[in-house]
Amino acid sequence: MTQFKTIERLRDACLSLPAGDEDAAQQAAARQNTLTKPPGSLGRLEQAAIFLARWQGRHLPRLETLHVLVFAGSHGVTARGVSAFPAEVTAQMVANFSAGGAAVNQLARQAGATLTVTPLDIERPTADFTQAPAMTEAEFLAAVQTGYDAVPEQANLVALGEMGIGNTTAAAAVAAALLGGRGADWVGRGTGVDDAGLTRKAEAVDAGLACHGTMLSDPLAALRCVGGREIAAMFGALLAARRKRIPVLLDGFVCGAAAATLASLNGAGLAHALAAHVSAEPGHRKLLAALGMVPLLDLDMRLGEASGACLAINVLRGAVACHNGMATFAEAGVSDG
Ligand SMILES: Cc1cc2ncn([C@H]3O[C@H](COP(=O)(O)O)[C@@H](O)[C@H]3O)c2cc1C
Ligand SMILES: O=C(O)c1cccnc1
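In the nomenclature of an unreviewed UniProt entry, the chain corresponds to Nicotinate-nucleotide--dimethylbenzimidazole phosphoribosyltransferase from the organism Nitratireductor thuwali. The UniProt entry for the chain carries the following text under Sequence similarities (unreviewed entry): "Belongs to the CobT family." The heading Function (unreviewed entry) in the UniProt record of the chain holds the text "Catalyzes the synthesis of alpha-ribazole-5'-phosphate from nicotinate mononucleotide (NAMN) and 5,6-dimethylbenzimidazole (DMB)."

A separate point is the overall build of the chain. Counting secondary structure elements, the chain contains 15 helices and 5 strands. Taking 2.2 N^0.38 as the reference for a compact globule, 337 residues should give roughly 20 Å; the C-alpha atoms of the chain span a radius of gyration of 20 Å, in line with that estimate. Viewed in the frame of its principal axes, the chain has a C-alpha envelope of about 70 × 40 × 35 Å. The burial tally for the chain puts 54% of its 337 residues in the buried class. Partitioning the intrachain contacts of the chain with sequence separation of at least 6 by distance along the chain shows that 78% fall at a separation of at least 24.

Our next topic: the site of ligand 1. Near ligand 1 you find 18 residues, and of these Ser83, Thr168, Gly190, Thr191 and Gly304 are the closest. Those elements that place two or more of their residues in the shell around ligand 1 are α4 (89–99), β3 (157–163) and α7 (167–179). Counting residues per element, the shell around ligand 1 draws most heavily on α7, at 3 residues. Each residue belonging to the shell around ligand 1 can be placed in one class, and the counts come to 7 nonpolar, 9 polar and 2 charged.

Around ligand 2 sit 13 residues in total, of which Gly252, Phe253, Val254, Ser279 and Gly304 are the nearest. In terms of residues, the shell around ligand 2 owes the most to one element, helix α12 (residues 253–265), which gives 3 residues. Of the residues assigned to the shell around ligand 2, the class counts are 3 nonpolar, 7 polar and 3 charged.

With that settled, the discussion passes to the UniProt feature "active site" (unreviewed entry) in the chain. Those places that UniProt annotates as "active site" (unreviewed entry) correspond, in this numbering, to Glu305. Secondary-structure assignment places Glu305 in the loop between α13 (282–291) and α14 (307–325). Among the residues examined, Glu305 registers 27 C-beta atoms within 10 Å and is labelled buried.

Moving on, we come to the sheet that holds β3. Backbone-to-backbone hydrogen bonds pair the strands of a sheet. The strands run either parallel or antiparallel. Reading across the sheet, the 5 strands line up as β2-β1-β3-β4-β5 and stay open at both edges, with parallel pairing between neighbours. Strand pairing shows two members of the sheet lacking a second neighbour, β2 (114–119) and β5 (273–275), which therefore form its edges. If you compare each strand with its neighbour and ignore which way they point, the axes differ by 25° on average. One ladder, built from 6 bridges, connects strand β1 (residues 66–72) with β2; its direction is parallel. The partner of Ala72 across the bridge, within β2, is Pro119.

It is at 9 Å that the axes of helix α5 (residues 103–110) and α14 come closest, and there the two elements cross at 15°. As judged from the angle between their axes, α5 and α14 are roughly parallel. In this structure, α5 crosses over α14, and the sense of that crossing is left-handed. Between α5 and α14, the residues in contact are Ala103, Val104, Leu107 and Ala108 and Ser307, Cys310 and Leu311, respectively.

The next subject is the pairing of β3. Burial of β3 is extensive: 7 of the 7 residues sit out of reach of the surface. Neither face of β3 is open: one carries Leu157, Ala159, Gly161 and Met163, the other Val158, Leu160 and Glu162, and all of them are buried. By the bridge criterion, 7 bridges tie β1 to β3 in an arrangement that is parallel. Paired with Leu66 across the bridge in β3 is Leu157. As paired elements, β3 and strand β4 (residues 248–250) share 2 bridges and run parallel to each other. Bridged to Ala159 within β4 is Leu249.

Counting 112 residues, the largest nonpolar core has Leu160, Val174, Ala237, Leu238 and Cys310 as its most contacted members. When sequence neighbours within four positions are dropped, the list of residues in contact with Cys310 reads Val68, Val104, Leu107, Ala108, Ala111, Ala113 and Ala159.

Quick look at the environment of Glu331 now. With respect to the element layout, Glu331 can be found in helix α15 (residues 329–332). The class of Glu331 is exposed, set by 11 C-beta atoms lying within 10 Å. Sequence separation of Glu331 and Met293 is 38 residues, and the distance between their C-alpha atoms is 36 Å.

In this structure, Ala28 sits in helix α2 (residues 22–32). Residues Ala28 and Leu265 lie 237 residues apart in sequence; the distance between their C-alpha atoms is 30 Å. Setting aside chain neighbours within four positions, we find Ala28 in contact with Ala49, Ile50, Ala53, His59 and His323.

Before going further, it helps to examine helix α3 (residues 44–56). The first and last C-alpha atoms of α3 sit 18 Å apart over 13 residues, in line with the 18 Å expected at 1.5 Å per residue. The element α3 is largely enclosed, with a buried count of 10 among its 13 residues. Of the residues making up α3, those classed as buried are Glu46, Ala48, Ala49, Ile50, Phe51, Leu52, Ala53, Arg54, Trp55 and Gln56. Lining the buried residues of α3 we find α2, β5 and α14. Looking one or two residues beyond α3, the residue adopting positive phi is Gly57, at roughly 70°.

Thresholds applied
- In this numbering scheme, every chain counts its residues from 1 along its sequence in written order.
- Both sets of labels track the order of writing: A upward for chains, 1 upward for ligands.
- Local features are withheld for residues below a pLDDT of 70 in this predicted model, meaning they are given only at 70 or higher, and side-chain atom pairs are given and counted only at 80 or more; totals for whole chains, interfaces and linings count all residues.
- UniProt positions are given in the numbering used here, feature names are shortened, and annotations may be inferred rather than shown by experiment.
- In this text, helices come from DSSP runs of H or I with a minimum length of four residues, and strands from runs of E with a minimum of two, each type numbered from the N-terminal end.
- A radius of gyration in this sense is built from C-alpha atoms; the matching globule rule multiplies 2.2 Å by the number of residues raised to 0.38.
- To sort residues by burial, count the other C-beta atoms lying within 10 Å of each one's C-beta; a count of 20 or more means buried, 12 or fewer means exposed, and anything in between means partly exposed. C-beta atoms are built from the backbone.
- Here contacts are defined at the residue level, using C-beta atoms placed from the backbone and a cut-off of 7 Å between them.
- In this analysis, residues qualify as near a molecule or strand once their C-beta atom, positioned from backbone atoms, comes within 6 Å of it.
- Each residue gets one of three labels, nonpolar for Ala, Val, Leu, Ile, Met, Phe, Trp, Tyr, Cys and Pro, charged for Asp, Glu, Lys and Arg, and polar for the others, Gly among them.
- In this scheme, strands are said to pair when DSSP sees at least two bridges between them.
- Between N-to-C directions, angles span 0 to 180 degrees; the directions come from axes that are lines fitted to C-alpha atoms, helices contributing only their stretch in contact.
- When an angle is under 35 degrees it counts as roughly parallel; over 145 it counts as roughly antiparallel; between 65 and 115 it counts as roughly perpendicular; any other value is oblique.
- Helix crossings fall into two classes, left-handed where the near helix is turned counterclockwise from the far one by less than a right angle and right-handed where it is turned clockwise.
- What we call a nonpolar core is a set of buried Ala, Val, Leu, Ile, Met, Phe, Trp, Tyr and Cys residues whose membership is set by joining through C-beta atoms within 7 Å.
- Expected span of a helix, by definition, is 1.5 Å for each gap between consecutive residues, and there is one gap fewer than residues.

Here you go:
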């Protein structure tokens, strides 16, 4: 079992990532061109099927064992008035996930996926990142390890998401640290803050950038100093999936901050991931553009919880159904032009 005892061990793991199975991808691409449709007419469904073939290592991909992993964390920066909801909602929503009452419960079931919710020390918020590193190195590594260990050995696909009041502020701070710009460039209304709340969010991000200074030029230090435990756990899960060659669906802006951290460490780090949707949180569109990712869906959602990722599973099911089930021109006796 991989153990991240030091930051440098974790960094090494991020720098040496396996490639996908190009033979499987090529076979899948060749098959696409024999199916009874004009070449390319299924658009990005064709690319999605080839992507799944590459990362599952089989030219006929499967969507049978699907895991939705939701991580929850509490944020010290909530003391700055950065959310429309109180911090205790994080624990209350974890209970709601257990009871089956949240949006993601419905969407994971509807998508035919198994939902696992992992709370990370939610009774112990991170430090307020405007004043101190959100996490110590030990706390950060523990959160990354928890996320890493949450990825099953065998899965056809993993979808990642989060719950954590205040985490759109932490995600904005991570995005600013990794990609540049100030708080105002990356904050949005999150759960629905008013104009004064939006200003407080931008000020909190700017204060965090000022507090941690040049430390933030290292992506792992940025994630530790201004991120949160659930963001670190999503980062760990994304890394584990890559090392196990399991394809990943990323959710919204907060998940995107975790993904951007891996991309900053390794330019090919997100090859095994698809952006499920673009959230209404304005920073997400910018983040995806910076990562060169095109979302599968754009539904004006701003929930988190892996809700967008669950919906995108249905798109992938369509892609796989066509790829595996369609007849070829030869089989169907259709003239191939
Ligand atoms: C009832 C409720 C359920 C949620 N499910 C996800 N979030 C989302 O909102 C939070 C981030 O927004 P902010 O940064 O404004 O606090 C995160 O918990 C995120 O997952 C929720 C928020 C609430 C209130
Ligand atoms: O896009 C997200 O991840 C998001 C947006 C608003 C609130 N929580 C999460």
